[in-house]
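Structural overview
Single-letter residue listing:
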Amino acid sequence: KQWYQRRVRGGEYNNALVDFKLAVKDAPGNALLFHTLGLCYHRNNQITKALETLTHAMSLQEHFIQAYISRGNVYMSMNTERGYTLSKRDYCRALHYNPTNLTAHTNLGIALQSNGKMNEGWKQFTAAIRISPECHAALEARSITNLQMGHLFGAFSDINQAVQLYPTPTMLTNRGVIQQYMGDARNAMADFQQAIEADPKYSLAYFNAASLYFNLRLFEKALKYYDEAVKNCPDDESAVLNRAIARVMLKHYDAAMEDFNTAVSLNPFAAHSYFNRGNLHLTLGNNVEAEEDFRKALSLQPKDSASFTQLAVALGRQFKKEEALENFRKSIKLSEG
């Protein structure tokens, strides 16, 4: 297991997968090896193989709690209604065999929270914390749930305790976000900067620092941090899109259009990317291209009144008055409804 962890820390998921596939051939009755192989499949995003292998590990070892948790994690990563249902079933089975398992309580809470069941998720995190007040994972998860439920003081109390126990860049960034929600921009930025110092390649800290600067209308500083976020995670559509908007605010239109195009290519199903690109096309006088983008945005998000408004503007500039008025009416109707 330690050897596997070294492989994973080094990012050698494919090599680990090959090695453990060979290992289980030599030890076909070893449940731990099959469990680790299942983890390798999951790391490589081979969901079906991961589920099959973890299920086989359970057949080799009765009441294999960690395998139930790991299979639950695979189901939850599917991010579907069925996946959440099956993940909850596995976490509950793990808790049936060991009611004090912290990981099972915490992951069950995350599955419930992710499925919109905030109160039920909160109860699972609280159960884990009662079992072990130093369970930083449960404290972090409960802080996020508190934030989503609007309980800012509870969110800050939990994340602050989690940071004291386990001051990772992720924890620091999450505390910064909560402090930003509480209106404490200074301490929020201090947390983002501390996270960056701890891990200069942690893109989410740069992203949140950039967003804070953006909200303060310090667009040059925001752009600097969005640049770092994109540099460290080029496939982050949100970072690319937000950088595009910052560039628009600075009137760097060519670079902004390039970013909007990249954001659309990274996620062609995000209506807001088309909407924002359409706005830039309007600014540049590209009314036909703007119309196309707003229509695409509406195909993905049919009840967005802002897209109807902007589509009406694009149509009006092309002297399509009747169609423009119709879209204005749709926008007003949605806004009033």
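A quick note: this is a predicted structure, and the numbers were derived from the prediction, not measured. (Residues numbered from 1 in each chain as written. Predicted model: local features only at pLDDT ≥ 70, side-chain atom pairs only at ≥ 80, totals over all residues. Heavy atoms only, no water.)

1. Brief notes about the pattern of salt bridges
- Applying the stated criterion across every chain yields a total of 13 salt bridges.
- For the salt bridge of R175 with D191, the shortest nitrogen-to-oxygen distance reads 2.8 Å. Residue R175 is located in helix α11 (residues 169-181), and its partner D191 is located in helix α12 (residues 185-198); the two are separated by 16 residues in the primary sequence.
- Its salt-bridge partner being R243, residue D227 comes within 3.1 Å of it at the nearest N-O pair. One end of the pair, D227, is in helix α14 (residues 219-232); the other, R243, is in helix α15 (residues 237-249), with 16 residues separating them in the sequence. (Salt bridge = Lys/Arg side-chain N within 4 Å of Asp/Glu carboxyl O. Helix = DSSP H or I, 4+ residues; strand = E, 2+ residues; numbered from the N terminus.)

2. Observations regarding the packing of aromatic side chains
- Going through the model one piece at a time under the given rule, you end up with six aromatic pairs.
- Seen from their ring centres, F214 and F219 are 5.1 Å apart, and the 65° between their planes marks the pair as edge-to-face.
- You can call F219 buried: its relative accessible area is 12%.
- One aromatic cluster is present, formed by Y206, Y213 and Y225 through successive ring pairs. (Phe/Tyr/Trp six-rings, centres within 6.5 Å; stacked < 30°, edge-to-face > 60°. Buried < 20%, exposed > 50% of the residue type's maximum accessible area, 1.4 Å probe, protein only.)

3. Some details on helix α8 (residues 118-131)
- Here α8 is 14 residues long and its end C-alpha atoms lie 20 Å apart, about the 20 Å a rise of 1.5 Å per residue gives.
- On its buried face, α8 is in contact with α6 (81-97), α7 (102-114) and α9 (136-148). (Expected span 1.5 Å × (residues − 1). Contact = heavy atoms within 4.5 Å.)

4. With respect to the confidence of the model for the protein chain
- In this model, the protein chain carries a mean pLDDT of 94, and residues with pLDDT of at least 70 account for 96%.
- In the predicted structure, residues 1-10 sits below a pLDDT of 50 and forms 14 contacts with residues beyond four places in sequence or in another chain. (pLDDT = per-residue confidence, 0-100.)

5. Examining the environment of Q124
- Checked against the element boundaries, Q124 lands in helix α8.
- Judged by its relative accessible area of 18%, Q124 is buried.
- When the C-alpha positions of Q124 and L108 are compared, they lie 6.9 Å apart, and in sequence the two are 16 residues distant.
- Not counting residues within four places of it along the chain, the set of residues in contact with Q124 comprises L95, H105, L108, G109 and L112.

6. Concerning α9
- Here α9 is 13 residues long and its end C-alpha atoms lie 18 Å apart, about the 18 Å a rise of 1.5 Å per residue gives.
- On its buried face, α9 is in contact with α7, α8, α10 (152-165) and α11.
- Immediately beyond the C-terminal end of α9, within one or two residues, lies G150, with a positive phi of roughly 85°.

7. Things to note about the side chain of R277
- By the element assignment, R277 lies in helix α17 (residues 271-284).
- At 2.8 Å, the side chain of R277 and the side chain of D293 are in polar contact.
- Not counting the four nearest positions on each side in its chain, R277 is found in contact with M257, F260, N261, V264 and D293. (Polar contact = N/O pair within 3.5 Å; in protein donor to acceptor, adjacent residues only side chain to side chain.)

8. Let's talk about the nonpolar core
- I159, M189, F192, Y225, Y226 and F260 are the most contacted members of the largest nonpolar core, which totals 42 residues.
- Examining the composition of this core, we find that seven residues originate from one element, helix α13 (residues 203-215), more than from any other.
- Those residues in contact with Y226, other than ones at most four positions away along the chain, are F207, A210, S211, F214, A239, N242, R243 and A246.
- Of all hydrophobic cores here, the second largest spans 32 residues; its members include F34, L37, A57 and A111. (Core = buried A, V, L, I, M, F, W, Y, C linked by side-chain atoms within 4.5 Å.)

9. Concerning the packing of α17 against helix α19 (residues 305-317)
- Direction vectors running N to C along α17 and α19 enclose 30°, while the axes themselves pass 11 Å from each other. Comparing the axis directions of α17 and α19 gives the class roughly parallel. Relative to α19, α17 is oriented so that their crossing is left-handed. Across the interface between the two elements, F275, N279 and L282 from α17 touch A306, S307, Q310, V313, A314 and R317 from α19. (Axes fitted to C-alpha atoms, helices over the stretch in contact; angles between N-to-C directions. Parallel < 35°, antiparallel > 145°, perpendicular 65-115°, else oblique. Left-handed = near helix turned anticlockwise from the far one by under 90°.)

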